[in-house]
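Below are the chains, spelled out letter by letter.
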Amino acid sequence: MLLIQQVVNGLMLGSVYVTVAVAFTLTIGILNFLNFTIPTLFMLAAMMGWSFAAWGLPFGLTEPLAWPLALALGVAVAIAASLVVERFTFRYLRTKHGDSTEHAIPLVSSLGFLLVLENLVRIGYGSDAQRFPGPSADLTLSVGGLFFRIPQVISLVVVALIVLGLAWMMKSSRIGRGLRAIAENPDAAGILGVDTRRVVPVVFMLTGLLCGLAGSLFAVNYGEVSPQMGEDIGSKAIAGMVLGGLGSLWGAVAGGIVIGLIEMLTIHFFGADTVQATVWGALLLTLMIRPQGLFGHNAIGKGKL
Amino acid sequence: MSGYWTGIVTILAINVVFAYGIYLAVATGQLNLGGAGFQALGAYAAAWLCFELDWSPAWTIAAGTVVAGVIGMGIAIPILRLKGVYLVLGTFAFAEVVAGLILNSETLGGAMGLPVPAYIEWQVPVAAAVACALLVFYLMATRFGLAVRSVHDDDVVADLMGVNVRGVRVAAFALGAALAGLSGGLYAHAFSYVEIQGFNASLSIYVLLYVLLGGAQTAWGPLVGAAFFTLLPEAMRSFLPAAKEAIWTAFGVTGDISPPDESWRFVVLGAAVIAMMVFRPEGLVTRDTFAFPRRRSPAAAPTREAAE
Amino acid sequence: MTALLKVEGLSKSFGGVQVITDVSFEAEEGARLALIGPNGAGKTTLFNLLTGVFPQDEGTVTLAGQVIDGAPSRRRIGMGMARSFQNIRLMPHLSVVENVMLGQQHRRSGLGAMLSPLTLFGRSESWREAEALIADMGLEAWMGETVSTLPYGIRKQIELVRALAAKPRLLLLDEPAAGLNGTETAQLRDFLARISGTGITLLVVEHDMSLVRSLCDRCVVLNFGRKIYDGSTAQVHEDPLVLEAYLGARHSGETADVA
């Protein structure tokens, strides 16, 4: 029973990873860009949500209404930050000779943003973890001896809706078709009438939105935020994305859940200290044996970097 | 020298050695985001040999270099089949696995770390940094260096020109891993303690940024990048508190203002990275920085003007 | 005369699309052979198969009596086959001399050669050899420049010099005159004739038919990956199949080079 409970917990944890992994996989799949600001945006949304709530923003609202609105503002900050990142990574990308390290410019810029944003938050709020004043995470639901925490169940539903919505958007909407055209061939997309300058920011808005939601859900579920909270989640989400296959939406979903399960089961059987080695070991093995992951497309991410 | 300056010179020398290790991989066009893993291998090999077997620093540091180099070569052969994002992730994952394994190893002290009884003076890292710089400058001036730079520019054509692309990549990566290991060994003895938490993803990121900011085109890059970002925070040590005080005062905050902490140096590093990528993505030092006069035959110069 | 290059029944498909179908031809030692055809006929793919960038599906390539099918691409330059590229592919960050020295790579790939300096203590033998070759081609004015800063026509010539530095027996040239003006094309013609005079066999992909006519006495025409003509350059425009290939192409907006 304890084991089944761990599996349930693993699924719950996995759903947070899924959201962040989807953000990673979108940017890689469409723009061939490993965006290292993603974990920072996740942290930024949660920290800003916390600080808005702590300042009593939005003004004058009482407890049950205050924190969801504060979190919504946090998400808005994450989206805004993501658009700033877009300005400095993709807008200014001018490859001159097409050699290997010049293609890494957006990646390197995103590492720069990771340092700036995380440390600014640290300067503003200190390095300590803060208690998030949301709903008590202890509201539990007991079904057949298994415990489900209600906020987590809600999170799971929200994540499922996000993923389904995104899948629909990519497949059926005009923007989705534009994005897929860019993923296929950026030059040809321009010729076909896709306005790259308007469509690319959409990827970054989605990235900010996904990370913001994931950060908010994390804050609500675990009741704690800190400037470091993105690092661990980001690593696990990257692992999930690679496992599922770079650029694959459903791969990121499956990969995120699998990583959540591996983590919980590793803790159950071997203890918390071994998680790092097993998760990353699984990732390294995937890269060596089957780099395209479970559902990935062979061509994505191979471009020179 | 005062204790303050010996500390700075030591860490600067170690960073230079470390940056040269990552540089060798980057010069072939491979972003190695697993630097901390290789440095940890060198540091722990040296620390363990010193702590358990009582080897002298000369031997432990040499052993750390070899261990990192051999493991680097072992991992390079499968990992360098990966390209682009996959390679970045592969090196990153490798460093995490190394850290994860050391964390769980009782022999290596786990989360507690290992003390390193033998201490080295600042002259040793400095000598090592000078030797590394000379070695890399020499290598980049050889035909091997030519091959390295060709592989960086266009691996398909390099291959058609007869360059053993895979061989060059593996050699550069493994030699770089050895240098990263050397920097780890130096670190262990210079700071008398190793702790796996110090060899984290951030460290891998910093050292890669040193190299890319300095510029990967010439062997000056890592030297300039590491020096700039080791010395810059020191230079700002007096400037930043004054700046903070001025800003706080401007906002009407009075009284005791605590000096800014470590975080500022990373904000500055990150902002510099972003600005560099916008304005000068090739790095601070490029090949055009040095117009080697000896390469242009003086007699030919007028002809060129005429041709234009 | 013996055949230096012998191509027999070469075929290649990419993802179900047949790009080269059963192509056979020979080039004698010292010949100047043109390879022409409408855009997309498979000329560059043929070069890529010959130099081993991709393996062929079927067929055999023999160079100087030696079957080279299994040889890795990087060994082929050492067997006497050097090439230029349709879009110039010099190493942008290397200087002219360094690019040319790269052409010597297959002759200097031992460990000792790899680890001896090229310029540290005065100019090495490799360096002097490259300089001499560049000077010989009249390009000494550009010797130390970084390639990416040079004009197009000069880069085009340097790519040829790099291929020559390999001391090849067979030179594969992919559209050497593309982007050159009339004067430059005339210079290129003389240059290639001079190279050919030293005994190097030329296989030239080219759209400029006046250059092809004045340089090559024989040509092979490809269309949709098949050989449709192999014979005298003088008579190529009388061949019905060739005319059809080009006229058909003209209707879809291509330029007819044969006319």
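Predicted model only: the values in this text are computed from it and were never measured.

**What about the overall build of chain C?**
Okay, step 1: For chain C, the count of helices and strands is 9 helices and 10 strands.
Okay, step 2: Taken over the C-alpha trace, chain C has a radius of gyration of 19 Å; the compact-globule value for 259 residues is 18 Å, and the two agree within 12%.
Okay, step 3: By principal-axis analysis of the C-alpha atoms, chain C measures approximately 60 × 40 × 40 Å.
Okay, step 4: For chain C, with 259 residues in total, the buried portion stands at 56%.
Okay, step 5: Restricting to contacts in chain C with at least 6 residues of sequence separation, those with at least 24 account for 66%.
Okay, step 6: Computed over 25 positive and 29 negative side-chain charges, the inter-centroid distance for chain C is 5 Å.

**Quick word on the sheet that holds strand E3 (residues 32–36) of chain C**
All names here are of chain C.
Okay, step 1: Reading across from one edge, E6-E7-E8-E3-E9-E10 is the order of the 6 strands in this open sheet, with mixed pairing throughout. Of all the strands in the sheet, just strand E6 (81–83) and strand E10 (226–232) have a single pairing partner and so form its edges. Across the sheet, the mean angle from the axis of one strand to that of its neighbour is 20 degrees, orientation sign disregarded.
Okay, step 2: The pairing of strand E7 (residues 170–174) with strand E8 (residues 201–205) spans 5 bridges and is classified as parallel. When the sheet's bridge partners are listed, Leu173 is paired in E8 with Val204.

**Thoughts on the pattern of salt bridges**
Okay, step 1: Inspection of every chain in the model, using the stated rule, returns 18 salt bridges over all chains.
Okay, step 2: Measuring nitrogen to oxygen at the nearest pair gives 3.0 Å for the salt bridge that ties A:Asp232 to A:Lys236. Highlighted residues: A:Asp232 and A:Lys236, both in helix H9 (residues 229–244), separated by 4 residues, approximately one helical turn.
Okay, step 3: The class for A:Asp232 is partly exposed, based on a relative accessible area of 42%.
Okay, step 4: With its nearest N and O atoms 2.7 Å apart, the salt bridge here joins C:Arg108 to C:Glu129.

**Some details on the nonpolar core**
Okay, step 1: Formed by 252 residues in total, the largest nonpolar core has its most connected members in A:Leu34, A:Met241 and B:Tyr23.
Okay, step 2: A total of 14 residues in this core trace back to one element, the largest contributor, which is helix H1 (residues 3–27) of chain B.
Okay, step 3: Those residues in contact with A:Met241 that lie beyond four places of it in its chain are A:Ala21, A:Phe24, A:Thr25, A:Ile28, A:Leu34, A:Leu246 and B:Leu89.
Okay, step 4: Counting residues in each nonpolar core, the second largest holds 25 residues, with C:Val7, C:Leu33, C:Leu63 and C:Leu170 among its members.

**Things to note about the side chain of C:Thr51**
Okay, step 1: Its location among the elements puts C:Thr51 in the loop between helix H1 (43–50) and strand E4 (58–63).
Okay, step 2: Within polar-contact distance, the side chain of C:Thr51 engages the backbone oxygen of C:Asn48 at 3.5 Å.
Okay, step 3: Polar side-chain contacts of C:Thr51 include one of 3.2 Å to the side chain of C:Arg83.
Okay, step 4: Beyond its immediate sequence surroundings of up to four residues, C:Thr51 is in contact with B:Leu160, C:Ser73, C:Arg76, C:Met81, C:Arg83 and C:Leu172.

**Brief notes about the pairing of E4(C)**
Residue and element names in this part refer to chain C.
Okay, step 1: Note that strand E1 (residues 3–14) and E4 share 5 bridges and pair antiparallel. The residue of E4 that forms the bridge with Leu5 is Leu63.
Okay, step 2: When E4 meets strand E5 (residues 66–67), the two strands line up antiparallel, connected through 2 bridges. Each residue of the ladder has a partner; that of Leu63, found in E5, is Gln66.
Okay, step 3: The antiparallel hairpin formed by E4 and E5 contains 2 residues in its connecting segment, where Ala64 sits at a positive phi of about 50 degrees.

**Focus on the packing of helix H2 (residues 38–55) of chain A against helix H4 (residues 105–125) of chain A**
The description of two helices packed together rests on the angle between their axes and the distance between the axes.
All names here are of chain A.
Okay, step 1: Packing of H2 against H4 brings their axes to within 10 Å, and their N-to-C directions diverge by 25 degrees. Judged on the interaxial angle alone, H4 and H2 are roughly parallel. Our pair here, H2 against H4, has a crossing hand that is left-handed. Residues Thr40, Met43, Leu44, Met47, Met48, Trp50, Ser51 and Trp55 of H2 lie in contact with H4, whose contacting residues are Leu114, Leu117, Glu118, Val121 and Tyr125.
Okay, step 2: Looking at the contact of H2 with H4 residue by residue, the class counts come to 10 nonpolar, 2 polar and 1 charged.

**Overview of the domain arrangement of chain C**
All names here are of chain C.
Okay, step 1: For chain C, the domain assignment lists domain 1 (1–80 + 170–259) and domain 2 (90–167).
Okay, step 2: Each of domain 1 and domain 2 has a C-alpha centre, and the two are 27 Å apart.
Okay, step 3: Buried surface at the junction of domain 1 and domain 2, both sides included, amounts to about 1000 Å², of which 74% is carbon and sulfur.
Okay, step 4: It is Ile77, Phe191 and Arg194 in domain 1 that bury the most area against domain 2; as a group they hold 38% of the surface buried on that side.
Okay, step 5: At the surface where domain 1 touches domain 2, the tally comes to 1 salt bridge.
Okay, step 6: Connecting domain 1 to domain 2 are 3 residue pairs in polar contact (both at pLDDT 80 or more).
Okay, step 7: Going through the elements one at a time, E7 and helix H7 (182–197) are the ones with two or more residues in the side of domain 1 that touches domain 2.
Okay, step 8: With 6 residues, H7 is the single largest residue contributor to the side of domain 1 that touches domain 2.
Okay, step 9: Class assignment of the residues belonging to the side of domain 1 that touches domain 2 gives a composition of 11 nonpolar, 2 polar and 3 charged.

**Side note on the interface of chain C and chain B**
Okay, step 1: If you look at the interface, chain C gives 40 residues, while chain B gives 33 residues.
Okay, step 2: Counting each side, the surface lost to burial between chain C and chain B is near 3500 Å², with a carbon and sulfur contribution of 60%.
Okay, step 3: There are 2 salt bridges connecting chain C and chain B.
Okay, step 4: Note that B:Asp154 is salt-bridged to C:Arg89, the shortest N-O span being 2.9 Å.
Okay, step 5: Where chain C meets chain B, there are 14 residue pairs in polar contact (both at pLDDT 80 or more).
Okay, step 6: The set of elements that each furnish at least two residues to the side of chain C that touches chain B consists of helix H2 (73–76), helix H3 (96–103), helix H4 (111–115) and helix H5 (125–136) of chain C.
Okay, step 7: If you tally residues by element for the side of chain C that touches chain B, the top one is H3(C), at 4 residues.
Okay, step 8: Considering only residue class, the side of chain C that touches chain B consists of 18 nonpolar, 13 polar and 9 charged.

**Remarks on the interface of chain B and chain A**
Interface size, as often reported, equals the accessible area lost upon joining of the parts.
Okay, step 1: Counting residues at the interface gives 48 residues for chain B, matched by 49 residues for chain A.
Okay, step 2: Surface buried jointly by chain B and chain A totals about 4200 Å² across both partners, of which 74% is contributed by carbon and sulfur atoms.
Okay, step 3: Along the contact surface separating chain B from chain A lie 0 salt bridges.
Okay, step 4: Inspection of the region where chain B meets chain A yields 2 residue pairs in polar contact (both at pLDDT 80 or more).
Okay, step 5: Elements that contribute at least two residues to the side of chain B that touches chain A include exactly helix H3 (57–79), helix H4 (84–103), helix H6 (143–153), helix H9 (201–214) and helix H12 (263–279) of chain B.
Okay, step 6: Per-element tally for the side of chain B that touches chain A: the top contributor is H4(B), with 15 residues.
Okay, step 7: Looking at side-chain class alone, the side of chain B that touches chain A contains 32 nonpolar, 8 polar and 8 charged residues.

Parameters at a glance
- Residues numbered from 1 in each chain as written.
- Chains lettered and ligands numbered in written order.
- Predicted model: local features only at pLDDT ≥ 70, side-chain atom pairs only at ≥ 80, totals over all residues.
- Heavy atoms only, no water.
- Helix = DSSP H or I, 4+ residues; strand = E, 2+ residues; numbered from the N terminus.
- Rg over C-alpha atoms; globule rule 2.2 N^0.38 Å.
- Buried < 20%, exposed > 50% of the residue type's maximum accessible area, 1.4 Å probe, protein only.
- Contact = heavy atoms within 4.5 Å.
- Lys, Arg positive; Asp, Glu negative; His and termini not counted.
- Charge placed at Lys NZ, Arg CZ, Asp CG, Glu CD.
- Pairing = 2+ DSSP bridges.
- Axes fitted to C-alpha atoms, helices over the stretch in contact; angles between N-to-C directions.
- Salt bridge = Lys/Arg side-chain N within 4 Å of Asp/Glu carboxyl O.
- Core = buried A, V, L, I, M, F, W, Y, C linked by side-chain atoms within 4.5 Å.
- Polar contact = N/O pair within 3.5 Å; in protein donor to acceptor, adjacent residues only side chain to side chain.
- Parallel < 35°, antiparallel > 145°, perpendicular 65-115°, else oblique.
- Left-handed = near helix turned anticlockwise from the far one by under 90°.
- Nonpolar A, V, L, I, M, F, W, Y, C, P; charged D, E, K, R; others polar.
- Domains from an automatic or database assignment.
- Buried area = accessible area lost by both parts, 1.4 Å probe.

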